[in-house]
Amino acid sequence: IYNIIKEKTIPKSKEEFIMFKKILYLHGIGSTGEGSTVKMLRERYPESEIIAPELPASPKEAMEYINALREEHHFNLVIGASLGGFYAMTLGGPIKILINPAMFASTDIPKAVGYGEHPYFKERIDGQKTYVIDDEYVAELKEIEDKYFIQFVYNKKGVLNKLQNFVMIVATLT
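Residues numbered from 1 in each chain as written. Predicted model: local features only at pLDDT ≥ 70, side-chain atom pairs only at ≥ 80, totals over all residues. Heavy atoms only, no water.

1. Comments concerning the overall build of the protein
- If you tally the helices and strands in the protein, you get seven helices and seven strands.
- Ordering the α and β elements of the protein from the N terminus gives α-α-β-α-β-α-β-α-β-α-β-β-α-β.
- If you sum the accessible surface of the protein, you get close to 9,700 Å²; carbon and sulfur atoms cover 55% of it. (Helix = DSSP H or I, 4+ residues; strand = E, 2+ residues; numbered from the N terminus. Areas by Shrake-Rupley, 256 points an atom, 1.4 Å probe, with all protein chains shown as cover.)

Structure follows, in structure tokens:
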């Protein structure tokens, strides 16, 4: 835990990671719970139970599903990538590793991906081939920002609160 919170690094060895017995991985937009990151985590840390659900396309439904999972399981680490990182930031509780989180999803996602119908990167268990970003989708993201995200990350004046139990990994293209 010291390495993650104080040094802002992710665990480098099985010994450091093994304390996380139950891990929730939240994938990004257009992805699935069976991507390469999850595969690598399961191979490298077989002692940990890694739950990587296929999130519903609807942000509102995704949050309902994530909250139901949290009630059923007691995760001690949440890893979120992109939109999954945004969802992870809205959760209180365990330590989080955020990989390129969509900090302000209601504006970040439409800018990065664009409005319209988009194909998923991989075949999904639910059989869905595409997802749609439209005004309703953006409104659902905005509602999550207003209801959950702002209370954990920003105070009422819009000033960044001191974040605890977060490690943020941001990669940039150069």
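2. Let's talk about unusual backbone geometry
- Non-glycine residue Ser82 carries a positive phi angle of around 55 degrees.
- Relative to the elements of secondary structure, Ser82 occurs in the loop between β3 (77-81) and α5 (83-89).
- On the basis of relative accessible area, Ser82 is assigned to the partly exposed category, the value being 27%.
- In the Ramachandran plot, Asn100 falls in the positive-phi region, its phi being about 45 degrees despite a non-glycine side chain.
- One can find Asn100 in the loop between β4 (95-99) and α6 (105-113). (Buried < 20%, exposed > 50% of the residue type's maximum accessible area, 1.4 Å probe, protein only.)

3. Looking at the packing of aromatic side chains
- Taken as a whole and judged by the stated rule, the model has two aromatic pairs.
- Geometrically, the ring pair formed by Tyr120 and Tyr131 is tilted, given 5.1 Å between the ring centres and 50 degrees between the ring planes. On the criterion of sequence distance, the pair formed by Tyr120 in the loop between β5 (116-119) and β6 (130-133) and Tyr131 in strand β6 is long-range, its members being 11 residues apart. Each member of the pair, Tyr120 as well as Tyr131, carries the same accessibility label: buried.
- The positively charged end of Arg124 is found above the aromatic ring belonging to Tyr120, 4.3 Å away from the centroid. (Phe/Tyr/Trp six-rings, centres within 6.5 Å; stacked < 30°, edge-to-face > 60°. Lys NZ or Arg CZ within 6 Å of the ring centre and 35° of its normal.)

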